Amino acid sequence: MNIKLFEKLYFIGIGGIGMSALARYFNSKGLEVCGYDKTPSELTDELQKEGIDIHFDVNHIPENIKSTNPHSLLVVYTPAVSLESYQLHYFKSKKWNVLKRAELLGHLTQDAYTIAVSGTHGKTTTSCILAHILQSCNIDCTAFLGGISTNLNSNLLLSKKGNIVVVEADEYDKSFLKLNPDIIIITSIDEDHLDVYQNEDDIKNTFKTFVKNLKPEGMLLVNKAIDLDFKTTDDVLKLTYSSSVKSDNYATNLRLENARQIFDAQFVDILPGQVYEHRLKDIALEMPGKHNVENALAAIVVASYLGAKPADIKLAVESFTGVKRRYEFHANGKYVYIDDYAHHPEEVKATLQATKQLFPNKKITAVFQPHLFSRTRDFADEFGESLSLADEVLLLEIYPARELPIEGVNSEMLLEKISKSEKNIIAKDLLVDELTHPKREVLLTMGAGDIDRFIEPLTQCYRDEVD
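Rules and cut-offs
Residues numbered from 1 in each chain as written. Predicted model: local features only at pLDDT ≥ 70, side-chain atom pairs only at ≥ 80, totals over all residues. Heavy atoms only, no water. Helix = DSSP H or I, 4+ residues; strand = E, 2+ residues; numbered from the N terminus. Rg over C-alpha atoms; globule rule 2.2 N^0.38 Å. Buried < 20%, exposed > 50% of the residue type's maximum accessible area, 1.4 Å probe, protein only. Arc of directions from axis to C-beta. Contact = heavy atoms within 4.5 Å. Phe/Tyr/Trp six-rings, centres within 6.5 Å; stacked < 30°, edge-to-face > 60°. Lys NZ or Arg CZ within 6 Å of the ring centre and 35° of its normal. Pairing = 2+ DSSP bridges. Polar contact = N/O pair within 3.5 Å; in protein donor to acceptor, adjacent residues only side chain to side chain. Axes fitted to C-alpha atoms, helices over the stretch in contact; angles between N-to-C directions. Parallel < 35°, antiparallel > 145°, perpendicular 65-115°, else oblique. Nonpolar A, V, L, I, M, F, W, Y, C, P; charged D, E, K, R; others polar.

## Regarding the overall build of the protein
1) Next: Per the secondary structure count, the protein includes 15 helices and 21 strands.
2) Next: A compact globule built from 467 residues would reach a C-alpha radius of gyration of about 23 Å, and the protein, at 22 Å, matches this within 12%.
3) Next: In terms of its C-alpha atoms, the protein occupies a principal-axis envelope of roughly 60 × 60 × 45 Å.
4) Next: Per-residue burial for the protein yields a buried fraction of 56% across its 467 residues.

## Things to note about helix α2 (residues 42-49)
1) Next: All of the buried residues in α2 are L43, T44 and L47. Each buried residue of α2 lies within a common arc of 95 degrees when the element is viewed along its axis, so the set occupies one face. Those residues of α2 that are exposed and angled more than 90 degrees off the buried face are E42 and K49.
2) Next: If you follow the buried residues of α2, they end up packed against α1 (17-28), β3 (53-55) and β7 (141-149).

## Here's the deal with the packing of aromatic side chains
1) Next: Scanning all chains against the criterion turns up 13 aromatic pairs.
2) Next: Ring geometry for Y86 and Y90: centres 6.5 Å apart, planes at 40 degrees, overall tilted. Placement of the pair is Y86 and Y90 together in helix α4 (residues 86-93), with a separation of 4 residues, close to one helical turn.
3) Next: According to the relative accessible area criterion, Y86 is partly exposed, its value standing at 34%.
4) Next: Judged by relative accessible area, which is 13%, Y90 ranks as buried.
5) Next: With a centroid separation of 6.0 Å and an interplanar angle of 75 degrees, the aromatic rings of Y335 and Y462 are classed as edge-to-face. Taken together, the residues Y335 in the loop between β16 (328-332) and β17 (336-340) and Y462 in helix α15 (residues 455-462) connect sequence positions 127 residues apart.
6) Next: Ring-pair connections join several aromatic residues into one group, and the members of that group are Y10, Y86, Y90, F91 and W96.
7) Next: The ring of Y341 has R326 lying over it, and the distance from NZ or CZ to the ring centre is 4.2 Å.

## Quick look at the pairing of strand β14 (residues 260-271)
1) Next: Counting buried positions over the 12 residues of β14 gives 9, a clear majority of the element.
2) Next: In terms of strand pairing, strand β13 (residues 249-257) meets β14 through 6 bridges, oriented antiparallel. Within β14, the position partnered with A251 by the bridge is A265.
3) Next: Hairpin remark: β13 followed by β14, antiparallel, with 2 residues in the connecting loop; positive phi at N258, about 55 degrees.
4) Next: Two strands pair when backbone bridges link them, and β14 and strand β15 (residues 274-285) are joined in this way by 10 bridges, in the antiparallel orientation. Its bridge partner lying in β15, A265 is registered against L280.

## A word on the side chain of E328
1) Next: With respect to the element layout, E328 can be found in strand β16.
2) Next: A polar contact of 2.9 Å, which involves the side chain of E328, links it to the backbone nitrogen of R325.
3) Next: When near neighbours in sequence (up to four residues on either side) are disregarded, E328 contacts V323, Y337, I338 and D339.

## Considering the sheet that holds β16
1) Next: In space, the 6 strands of this open sheet follow the order β16-β17-β21-β18-β19-β20, with mixed pairing throughout. Single-partner strands in this sheet number two, and they are β16 and β20 (423-425). This sheet shows a mean twist of 15 degrees between the axes of neighbouring strands, independent of strand direction.
2) Next: The sheet contact formed by strand β18 (residues 364-368) and strand β19 (residues 392-395) spans 4 bridges and is parallel. Paired with A366 across the two strands is V393, which belongs to β19.

## Re the sheet that holds strand β4 (residues 73-77)
1) Next: Strand order in the open sheet formed by 5 strands is β3-β2-β1-β4-β5, and the pairing between neighbours is parallel. This sheet does not close on itself; its edge strands, each paired only once, are β3 and β5 (97-100). Strand-to-strand twist across the sheet, computed as the mean angle between neighbouring axes with direction ignored, equals 20 degrees.
2) Next: By the bridge criterion, 5 bridges tie strand β1 (residues 8-12) to strand β2 (residues 32-36) in an arrangement that is parallel.

## Points about the packing of α1 against α2
1) Next: Two elements in contact, α1 and α2, have axes whose closest approach is 11 Å; the angle formed by their N-to-C orientations is 5 degrees. One element, α1, and the other, α2, form an angle in the roughly parallel class. On α2, the residues touching I17, S20 and R24 of α1 are L43, E46 and L47.
2) Next: For the contact of α1 with α2, the per-class residue count stands at 3 nonpolar, 1 polar and 2 charged.

Encoded structure:
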């Protein structure tokens, strides 16, 4: 399929973070872009301001779409859209051109120098840091990001003339198998998406298959904690990185200073017949936590491999301001309020550990919205263990996303797994009042559902007494 032949694109689920980046990309290229989403959001508002037409009626297809020449229109959908959806059924039944988001991304990047950032956790932060470093070091690239980079205030970075593309390689629905990258980063492999994968071995084997998609003379950069033997061709450069154990590239001397994560980095450039070792001391990262040091380290290694100078890399990392909903501070005075996208037990654990490290003598209240009935069922024990790191836990009901309820799976079930005595389930309409009477010393909201709707009212309340 030649993407260049289409004049108009219609996105089903245009308000999703990955879909919106693609919509912005094609809109910037002068194509007519429009789409549907379930509900209005801050992101759909921004897309509309950029000139993209969006509607919110699931059972309606605009007449100007129906009347479009099918050969000039490409319909794109996200895996979050039900295969029984009226819109998807309409276009497929009429044999119009329909692609999954990942398939479109595969077409877009097939002739580009593609850096695919993969892993069950850490993709978005690593991608955003890498895109920022490359831009800061004048290495031209396009980046399709799975979050809003606060430096860019966008999930899309557009290249002026280069052929480098940074993409998040999403393991959900095995969609990353549509990519053929030049560089692969693997940040982590944990059991997840058990509605798609049979078990952890299935996930690991799929990552192994993904690695086989590397182009000749490519590069594979893997977190040392991943104990897997990835089979590649002899011409592939294989490197590891870590902040815990000795590896090809590693971070040491981690410490906190003025709420910033400080670390040293040792990393290598390996060229034919030559190995260059680089050392950077006292790198300051705005995002705390060992996991974020490793995300930054992976980005540093790839940026250096692409020609960025170490001193420039350090300045770029230190000017990186973060990603929306990735350990994002909204108040940091008398009261502290942090919001995070964590929705897997390992992510919840890492977020709470970083918070305890930052505020060792303060009471930490965690508000968590479980995401998906299947994930809550499959990892109830692990969620209970991770959430028990907080001093107080408030649970919202499960956000279903694409799923129907599962009998016996609810937040009450999860609450029983939490070992703390200060724990409760709270309704959404009572949450803001509960958290403001009284205010909590350190408040942390976590989840991938619609818990972000509380950010603005809680921020307003918690910032009232910043001084």
